[in-house]
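Structural overview for review
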Amino acid sequence: MFSRFKPKNDLFYGLFTSSAQCLADGTKTLTGLLEPEPDFEGIARRMVDLEHDCDRITHEMFRTVNSSFITPFDRSDIYVLGSSLDDVMDHIEAATHLMALYGVTELPQHLREMIEILDTSASVTADAMPRLAGMKDLERYWIEINALENRADHTYRTFLAYLFDGHLDALTVMKLKDVADELEDAADSFEKVANIVETIVLKES
Amino acid sequence: MFSRFKPKNDLFYGLFTSSAQCLADGTKTLTGLLEPEPDFEGIARRMVDLEHDCDRITHEMFRTVNSSFITPFDRSDIYVLGSSLDDVMDHIEAATHLMALYGVTELPQHLREMIEILDTSASVTADAMPRLAGMKDLERYWIEINALENRADHTYRTFLAYLFDGHLDALTVMKLKDVADELEDAADSFEKVANIVETIVLKES
Amino acid sequence: MFSRFKPKNDLFYGLFTSSAQCLADGTKTLTGLLEPEPDFEGIARRMVDLEHDCDRITHEMFRTVNSSFITPFDRSDIYVLGSSLDDVMDHIEAATHLMALYGVTELPQHLREMIEILDTSASVTADAMPRLAGMKDLERYWIEINALENRADHTYRTFLAYLFDGHLDALTVMKLKDVADELEDAADSFEKVANIVETIVLKES
């Protein structure tokens, strides 16, 4: 009877999946910084393009929710989910841009680890999104993301202790802290995505 | 039939317009900093008064939405719209206060440009608010605000590159970055106002 | 007739009270830093445990709201209230952690005052939460919290002027500013809790 609403729901799930896939492209591009002699400016430029791609998907998501009479779950949850996915990309783009802007030429070990954690978080998120349609097998996703965020947080704090131990000049500390803050914010946004998915699943169960 | 609800709606639209007008007064005051030998402390004091005026309007808006059975559009959208208008003023006030506090006596060119962008953003927003009642001719408003925010963001990032190029001492860099961050946050809040207006219009269309 | 819904409501009010009480435990622990020769690392470790306790209460709150057909007030208000209570603890924990991380051994007077303001804010909040059930005698609570936040804001800004007056090296300024930012954010989150309580009460009246 309500089958005519089905296609629209498929559209939503498709957009969540596309959005998460776009993030995975972003973190994959970010891992380009881990290779020997990375092209910081080239990667920053490519990230701007990717951010625009993700923006377009988020915009399409919001247009769809606004024009839909029935949505697969609460409208406000769709907004928060879409915005949080979008936030991840904003922080990754900002981190890359700051590295190019500040002329960072060598990435400290802690930041390399944070980039790897973000890339894993993106894969785990992109894997989970298609399962939203069936509302199952999602618990291990949010548990895994919470564990990854804890690791990112620990790495971030250890990096702060290293940054401020007195061996670097203040301007260098400020630049590297700016970059680390954006990476940490990206990890937080992945966790926010997982939290809202958990909320959606709990409401439906 | 529903004409008895009309007056309350007029009240809402009047409050949105007053709130945006209050912001325009704020950015106009901010442009006082662009004149020769500006009175930083006097402008900061005047801004505190303006912030209180805007606060009162926001508070009135929230009281009205809480006591209304029917609102012109979603309650939660009214909250987000009111809070985002309020956020602009908070950031402008903080920027001015920090300049007075840190003893900034000369405004770098990039910050002067950001202030001009904010003043234009406030005018564009104040012009658009009265059109909310008719829900039309608003598309050019949000397109213009997005373009202004992109310009502010570009100016901000160019300023960061200048700040960190090594010709300034670290404390000066920190002070000017604090001020620039608040101006950039003000531009972001103008964009958030435009985004929520776009959402409201799309829902109604 | 609706008495079968009562127990669930009691559960909600109990969880709000527990959450605020958990914060009061947090700020009480924070005041341990005001004693002579405080154990910064021990206090930071104890704060991590307290943060986990508070997290568990917030999580229980969200699970309860998700599984309830009827809630004592708007679901979205419960989320905002729960998240804001949780935010206070996050900022207090972060402040303590940064002090231990940065090797702060002596707390400047302004930060001591901010800690006392936070401890008072927590007591006032914990006192008010049980009154949510009756929806009365809450006005003096939010007025008091707003006054406390104004005092915290003033202390924070005076501290910034002191920090940047040139007598400290840049790295020390950055460390102490990081700590002050977290304490200021904690005071802001207490105000956000009070604002949402005001909104809830106004809606019901």
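For clarity, every value in this text was computed on a predicted model and none was experimentally measured.

**Focus: the overall build of chain A**
The helix and strand inventory of chain A stands at six helices and zero strands. Helices and strands in chain A line up, N terminus first, as α-α-α-α-α-α. Its C-alpha radius of gyration of 18 Å places chain A within 12% of the 17 Å reference for a compact globule of 205 residues. Seen through its C-alpha atoms, chain A measures out along the principal axes to roughly 70 × 30 × 25 Å. Expressed as a percentage of the 205 residues in chain A, the buried residues total 57%.

**Concerning the relation of the copies chain B and chain A**
The two chain copies are connected by a rotation around an axis plus a translation along it. Each copy superposes on the other: chain B lies on chain A with an RMSD of 0.0 Å after a rotation of 120° and an axial shift of 0.0 Å. Here the transformation between the copies is reduced to the relation of a three-fold axis. For chain B, the minimum C-alpha distance to the rotation axis belongs to Ala170 of chain B and amounts to 3.5 Å. Comparing interface residues between copies, only 14% of those in chain B also lie at the interface in chain A; the contact surfaces differ.

**Section: the interface of chain B and chain C**
In this assembly, 15 residues from chain B lie in contact with 14 residues from chain C. In total, chain B and chain C occlude about 1,300 Å² of area from one another, counting both sides; carbon and sulfur atoms represent 66% of this. Its largest share of buried area at the contact with chain C, chain B owes to Asn66, Leu171 and Met174 of chain B, together 39% of the area lost on that side. Run the count over chain B and chain C and you get three salt bridges. We note a salt bridge from Arg157 of chain C to Glu93 of chain B, for which the minimum N-O separation is 3.0 Å.

**Considering the layout of surface pockets**
All names here are of chain C. Empty space within the second largest pocket amounts to approximately 170 Å³. For the second largest pocket, the full set of lining residues is Tyr102, Gly103, Val104, Thr105, Glu106, Pro108, Tyr162, Leu168, Thr172, Lys175 and Leu176. Per-element accounting of the lining of the second largest pocket gives the leading share, three residues, to helix H6 (residues 170-204). A breakdown of the residues in the lining of the second largest pocket according to their chemical character gives six nonpolar, three polar and two charged.

**With respect to the pattern of salt bridges**
Enumeration over the complete set of coordinates arrives at 27 salt bridges over all chains. Note that Asp53 of chain B is salt-bridged to Arg56 of chain B, the shortest N-O span being 3.4 Å. Here the residue Asp53 of chain B and the residue Arg56 of chain B both occupy positions in helix H2 (residues 40-66), the gap between them amounting to three residues, near one helical turn. Residue classification places Asp53 of chain B among the partly exposed residues on the basis of a relative accessible area of 33%. Bridged by salt links that share partners, the residues Asp74, Asp77 and Lys203 of chain A form one connected network.

**What to know about the packing of aromatic side chains**
All names here are of chain A. Taken as a whole and assessed by the stated rule, the structure comprises 18 aromatic pairs over all chains. Aromatic pair Phe16 and Phe73: ring centres 5.8 Å apart, planes at 15°, arrangement stacked. Residue Phe16 is located in helix H1 (residues 6-30), and its partner Phe73 is located in the loop between helix H2 (40-66) and helix H3 (75-101); the two are separated by 57 residues in the primary sequence. Taking relative accessible area as the criterion, Phe73 reaches 4% and is therefore assigned buried. Taken together, Phe12, Tyr13, Phe16 and Phe73 form an aromatic cluster joined through their ring pairs.

**Considering the interface of chain B and chain A**
Listed per partner, the contact involves 14 residues of chain B and 15 residues of chain A. Between chain B and chain A, the buried area comes to about 1,300 Å², and carbon and sulfur atoms account for 66% of it. The three residues of chain B that bury the most area against chain A are Arg157, Phe164 and Leu202 of chain B, which together make up 46% of that side's buried surface. If you look at where chain B meets chain A, you find three salt bridges. For the pair chain B and chain A, the interface holds four residue pairs in polar contact (both at pLDDT 80 or more). Counting only elements with at least two residues in the side of chain B that touches chain A, the list comes to helix H5 (139-163) and helix H6 (170-204) of chain B. If one sorts the elements of the side of chain B that touches chain A by residue count, H6 of chain B sits on top with eight residues. For the side of chain B that touches chain A, the per-class residue count stands at eight nonpolar, two polar and four charged.

**Considerations on the nonpolar core**
What tends to happen in soluble globular proteins is that the nonpolar side chains get buried as a cluster. Residues Leu81 and Tyr141 of chain A, Leu81 and Tyr141 of chain B together with Leu81 and Tyr141 of chain C are the most contacted members of the largest nonpolar core, which totals 219 residues. Aside from chain neighbours lying at most four places away, what touches Tyr141 of chain A is Val124, Thr125, Ala128, Met129, Arg131, Val193, Ala194 and Val197 of chain A.

**A closer look at the confidence of the model for chain A**
Summarising the model, chain A shows a mean pLDDT of 92, and 97% of its residues fall at 70 or more. Per-residue pLDDT, averaged within each element of chain A, yields its smallest value for H1 of chain A (90) and its largest for helix H4 (residues 109-128) of chain A (98).

**Structural notes on the packing of helix H3 (residues 75-101) of chain B against H6 of chain B**
Two numbers describe a pair of packed helices, the interaxial angle and the distance between the axes. Residues and elements named next belong to chain B. Two elements in contact, H3 and H6, have axes whose closest approach is 8 Å; the angle formed by their N-to-C orientations is 165°. Relative to H6, H3 is oriented roughly antiparallel. Once H3 is placed against H6, the crossing between them reads as left-handed. Taken together, the residues of the contact of H3 with H6 sort by class into 17 nonpolar, three polar and seven charged.

**Focus: the state of the cysteines**
All names here are of chain A. Here the structure, examined in full by the defined rule, presents three disulfides over all chains. Sulfur-sulfur distance for the disulfide between Cys22 and Cys54 comes to 2.2 Å. As the torsion about the S-S bond is roughly -100°, the Cys22-Cys54 disulfide counts as left-handed. One end of the pair, Cys22, is in helix H1; the other, Cys54, is in helix H2, with 32 residues separating them in the sequence.

**Describing unusual backbone geometry**
All names here are of chain C. Phi angles above zero are rare outside glycine, and Glu37 is one such case at about 45°. Looking at Glu37, the relative accessible area reads 78%, which means it is exposed. You will see that Asp137, though not glycine, has its phi angle at about 55°, which is positive. Assignment of secondary structure puts Asp137 in the loop between helix H4 (109-128) and helix H5 (139-163).

**Some details on the environment of Ala186 of chain C**
All names here are of chain C. Its place among the elements puts Ala186 in helix H6. Residue Ala186 is classed as buried on the basis of its relative accessible area, which comes to 0%. Spatially, the C-alpha atoms of Ala186 and Glu149 are 9.5 Å apart, while their sequence positions differ by 37 residues. Ignoring any residue separated from it by four or fewer positions in sequence, one finds Ala186 in contact with Val88, His91, Ile92 and Leu118.

Scoring rules and cut-offs
- Residues numbered from 1 in each chain as written.
- Chains lettered and ligands numbered in written order.
- Predicted model: local features only at pLDDT ≥ 70, side-chain atom pairs only at ≥ 80, totals over all residues.
- Heavy atoms only, no water.
- Helix = DSSP H or I, 4+ residues; strand = E, 2+ residues; numbered from the N terminus.
- Rg over C-alpha atoms; globule rule 2.2 N^0.38 Å.
- Buried < 20%, exposed > 50% of the residue type's maximum accessible area, 1.4 Å probe, protein only.
- Least-squares fit on C-alpha atoms with pLDDT ≥ 70 in both.
- Contact = heavy atoms within 4.5 Å.
- Buried area = accessible area lost by both parts, 1.4 Å probe.
- Salt bridge = Lys/Arg side-chain N within 4 Å of Asp/Glu carboxyl O.
- 1 Å grid on protein atoms, 1.4 Å probe; cavity = no way out; pocket = protein on both sides within 12 Å on 5 of 7 lines; lining within 4 Å.
- Points joined across faces, edges and corners; volume = space filled by probe spheres on them.
- Nonpolar A, V, L, I, M, F, W, Y, C, P; charged D, E, K, R; others polar.
- Phe/Tyr/Trp six-rings, centres within 6.5 Å; stacked < 30°, edge-to-face > 60°.
- Polar contact = N/O pair within 3.5 Å; in protein donor to acceptor, adjacent residues only side chain to side chain.
- Core = buried A, V, L, I, M, F, W, Y, C linked by side-chain atoms within 4.5 Å.
- pLDDT = per-residue confidence, 0-100.
- Axes fitted to C-alpha atoms, helices over the stretch in contact; angles between N-to-C directions.
- Parallel < 35°, antiparallel > 145°, perpendicular 65-115°, else oblique.
- Left-handed = near helix turned anticlockwise from the far one by under 90°.
- Disulfide = S-S within 2.5 Å.

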